Amino acid sequence: MRYKILVWGCQMNERDGEIAAGLMEEAGFTPANDEIEADVLVLLTCCVREKAENKVYGKLGELQKLKKKNPELIIAVGGCMMQQPGVAEKVRQLAPHVDVIFGTHNLHQLPELLRRVRELRQPVVAIWAQEGEVIEGLPARRAGGSKALVNISFGCNNFCSYCIVPYVRGRERSRNPESILSEIRRLVDEGVIEVTLLGQNVNSYGRDLGAGINFVSLLEQVNSIPGLERIRFLTSHPRDFNPDLVKAMARLEKICEHVHLPVQAGSNRVLERMNRGYTREDYFRLVDSLRAAIPDISITTDLIVGFPGESEGDFAQTLDLVERVQFDNAFTFMFSPRRGTPAADYPEQLPLEVKKERLSRLMEVQNAISRRKNEVFVGKEVEVLAEGHSKTDPEKISGRTRGNKLVIFAAPEDVVGRLVKVHITSAQTFLLKGEYIDALPKTG
Ligand code: SAM
Ligand code: SF4
Ligand code: F3S
């Protein structure tokens, strides 16, 4: 029996996909190369914006044809979207060919649910309304070679007024540090040299674990793991990014010089209505302190345009903030009302045309900045973790600098998985091109 996993959404789902694959293999399934070859398809869905949901409904429509050709195919749909009230019923109605529907808190039950559906020969639904305890020791089939995602916390307590995540991922639960550290040590033994610590708000890690445990203390311990070369973390919340963390980033040599620091908007009025808990001035101060402590730090962000009631003046403040901060890169989104979140019911919802127009203006400004920031690297030598063949140019190798810049270069196959030196020869908006110099010795 062969399985295939399809993942939408963020790194949380990506990591869940690795766990789902681990669970499937423990249950005796082997990976299929594509959907047509698979006996079981597992879909991990996202509902952060309407577009993400539409993609899933589109895929479910497509799979109806596949199921007609292969009636024995089992389709299991999980992930954030299934955790929303009413969605499981809607999927049952619109896509009766779906066999298993499971929530984000039920991932560990996947093999059992598949067993049940094969025994009962009727659809199975398992959605816990609330998160349970953190479950340790689940198997995983990691995809990343020399780099790995490591959860440090699950869920979110922030309730930004536009965001569905706290409703579908539950309250924030931190993993205990020993479990995290032993997982990373094991990964390093298996050849991993870069870890990305994952949480919706990594900066509040440990608040639920008691005194003495916080994100900085965790970073210190991760930094001391021999053989590990690089540490990244996602996502930081500007409100909880304290001076101790700025100092730790400067002091701990394995932490990469990059921070993803979603600002969302540049107007204080909008930030307040988003329930973000900081002002633009706070954000500027934080960026200044990061750049003072780590001069070559790369800063990326997320931005939402067209939040309900966002005036042209508010939007101008976002453009102004983007010009002032000079982000290395930004993920830009149009506000998408999510049922059950406060902002979906705010008056003054903006028309799609306004959102589209603002998004394109914002992207134009940011793209020019991204390009300028990348051009600075031309002629320089950078450290890159060679990750594999480039998706856009498969003859070449692609990898990332410590500042998280994508670099494409020709190099011998055996550099994959290693840190290498690359001389940058040209820059585009979203990537750098370069010439391979040589591989770096392992330091640890
Ligand atoms: N916890 C992270 C944070 O606070 O930035 C990530 C949250 S979410 C997975 C990633 C991004 O999606 C957010 O930073 C936000 O910009 C965007 N987003 C969330 N809800 C949205 C909505 N309703 N409409 C448009 N964009 C949204
Ligand atoms: Fe959503 Fe805000 Fe939590 Fe991020 S911090 S997951 S944007 S509620
Ligand atoms: Fe991530 Fe989408 Fe869920 S962004 S946490 S997969 S709603």
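Keep in mind that what you see is a predicted model, and the values were worked out from it rather than measured.

Caption draft 1: Focus on the pairing of strand β7 (residues 147-151). Taken across its five residues, β7 has four buried, putting it largely inside the fold. Two elements, β7 and strand β10 (residues 194-198), share five bridges in a ladder whose sense is parallel. Bridge pairing in β10 places Lys-147 opposite Glu-194.

Caption draft 2: Here's a closer look at the sheet that holds strand β4 (residues 74-79). With parallel pairing, the six strands of this open sheet are ordered in space as β2-β1-β3-β4-β5-β6. Because the sheet does not close on itself, it has two edges, and the strands there are β2 (30-31) and β6 (124-126). Both strand β5 (residues 100-102) and β6 contribute to a ladder of three bridges, which runs parallel. Bridge assignment links Phe-102 to a residue of β6, and that residue is Ala-126. Across the sheet, helix α2 (residues 50-69) is in contact with β1 (2-7), β3 (40-45) and β4; its angle to β3 comes to roughly 170°.

Caption draft 3: Expanded view of the site of ligand 2. In the vicinity of ligand 2, the residues found are Cys-156, Asn-158, Phe-159, Cys-160, Tyr-162, Cys-163, Val-165, Pro-166, Gln-200, His-237 and Arg-276. Grouping the constituent residues of the shell around ligand 2 by class yields seven nonpolar, three polar and one charged.

Caption draft 4: Local environment of the packing of helix α1 (residues 11-26) against helix α4 (residues 110-120). Closest axis-to-axis distance for the α1/α4 pair is 9 Å, and the angle between their directions is 55°. With respect to α4, the element α1 is oriented oblique. Together, Ala-20, Leu-23 and Met-24 of α1 and Leu-110, Pro-111 and Leu-114 of α4 make up the contact between the two elements. Looking at the contact of α1 with α4, its residues break down into six nonpolar, no polar and no charged.

Caption draft 5: Quick look at the packing of aromatic side chains. Tallied over the entire structure, the rule returns seven aromatic pairs. A centroid spacing of 6.5 Å and a plane angle of 90° characterise the contact between Tyr-162 and Phe-307, whose relative ring orientation is edge-to-face. With Tyr-162 in the loop between β8 (153-154) and α5 (165-169) and Phe-307 in the loop between β13 (298-305) and α11 (312-325), this residue pair connects regions lying 145 residues apart in the sequence. Among the aromatic residues, those joined into a cluster by ring pairs are Tyr-162, Phe-307, Phe-335 and Tyr-346.

Caption draft 6: Structural context of the domain arrangement of the protein. As assigned here, the protein comprises domain 1 (2-126), domain 2 (147-375) and domain 3 (381-439). Domain 2 and domain 3 are separated by 25 Å when their C-alpha centres are compared. Domain 2 puts 21 residues into the contact, and the matching count from domain 3 is 18 residues. Buried area between domain 2 and domain 3, summed over both chains or domains, comes out near 1600 Å², and the portion from carbon and sulfur atoms is 46%. Summed over the shared surface of domain 2 and domain 3, the number is four salt bridges. A salt bridge links Arg-402 to Glu-257; the shortest N-O distance between them is 2.8 Å. In this assembly, domain 2 and domain 3 are joined by 13 residue pairs in polar contact (both at pLDDT 80 or more). Those elements giving two or more residues to the side of domain 2 that touches domain 3 turn out to be β11 (230-234) and α12 (352-375). Here the side of domain 2 that touches domain 3 takes six residues from α12, the largest share from any one element.

Procedures and definitions
Residues numbered from 1 in each chain as written. Chains lettered and ligands numbered in written order. Predicted model: local features only at pLDDT ≥ 70, side-chain atom pairs only at ≥ 80, totals over all residues. Heavy atoms only, no water. Buried < 20%, exposed > 50% of the residue type's maximum accessible area, 1.4 Å probe, protein only. Helix = DSSP H or I, 4+ residues; strand = E, 2+ residues; numbered from the N terminus. Pairing = 2+ DSSP bridges. Contact = heavy atoms within 4.5 Å. Axes fitted to C-alpha atoms, helices over the stretch in contact; angles between N-to-C directions. Near = heavy atom within 4 Å. Nonpolar A, V, L, I, M, F, W, Y, C, P; charged D, E, K, R; others polar. Parallel < 35°, antiparallel > 145°, perpendicular 65-115°, else oblique. Phe/Tyr/Trp six-rings, centres within 6.5 Å; stacked < 30°, edge-to-face > 60°. Domains from an automatic or database assignment. Buried area = accessible area lost by both parts, 1.4 Å probe. Salt bridge = Lys/Arg side-chain N within 4 Å of Asp/Glu carboxyl O. Polar contact = N/O pair within 3.5 Å; in protein donor to acceptor, adjacent residues only side chain to side chain.

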